[in-house]
Amino acid sequence: MARDRPQISDKSHCEHRLLVATRLCDDIRAQASGAYPNEACGVLLGDGIALTAIRPAANVHPRPAAFFEIDPQVLVDAHRAERVGGAQVAGYYHSPVSY
């Protein structure tokens, strides 16, 4: 039996936007360029309104040219820092490699 998806009546609850400084985009592009032909990856940090920093991470996947896996220690460190008042973990990024 198929389960119905829950309905959300007010779409504003699903819309989230963060401000991203051009320098952070430039930093991610530079990391991706340096990692090529492998995928670059890392953690996005912010304050709930804007991204304030990135934390590049090693791609520890066994096939980094096709997939990504963020170094688990970078994830642990970012979440620990957040718990003691550091920047919030806002998400993750990676640079898919074109074939």
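Scroll up a little and you will see the structure.
Residues numbered from 1 in each chain as written. Predicted model: local features only at pLDDT ≥ 70, side-chain atom pairs only at ≥ 80, totals over all residues. Heavy atoms only, no water.

Peer 1: Whenever I open this one, the pairing of strand β1 (residues 41–46) confuses me. Can you help?
Peer 2: For a regular strand, side-chain orientation follows a simple rule: the groups alternate between the two sheet faces. Where burial is concerned, most of β1 is hidden: six out of the six residues are buried. Here β1 folds back onto strand β2 (residues 51–57), and the loop between the two strands holds four residues, one of which, G48, carries a positive phi near 95°. Sheet topology note: the β1/strand β3 (residues 88–94) ladder contains six bridges and is antiparallel. Directly across from G46, in β3, lies its bridge partner Q88. (Buried < 20%, exposed > 50% of the residue type's maximum accessible area, 1.4 Å probe, protein only. Helix = DSSP H or I, 4+ residues; strand = E, 2+ residues; numbered from the N terminus. Pairing = 2+ DSSP bridges.)

Peer 1: So what exactly am I meant to see when it comes to the nonpolar core here?
Peer 2: One finds C41, V43, L45, A57, I70, V74, A78 and V89 forming the largest nonpolar core, which totals eight residues. Among the secondary structure elements, those contributing two or more residues to this core are β1 and α2 (72–83). In terms of residue count, the dominant contributor to this core is β1 (three residues). Among residues more than four places away in sequence, those in contact with V74 are V43, R55, P56 and A57. (Core = buried A, V, L, I, M, F, W, Y, C linked by side-chain atoms within 4.5 Å. Contact = heavy atoms within 4.5 Å.)

Peer 1: Teacher, can you tell me more about unusual backbone geometry here?
Peer 2: Only a minority of non-glycine residues have a phi that is not negative, and only a minority of peptide bonds are not trans. Geometrically, the link from Y36 to P37 is a cis peptide bond, its omega value of 15° lying close to zero. Considering the arrangement of structural elements, one finds P37 in the loop between α1 (22–35) and β1.

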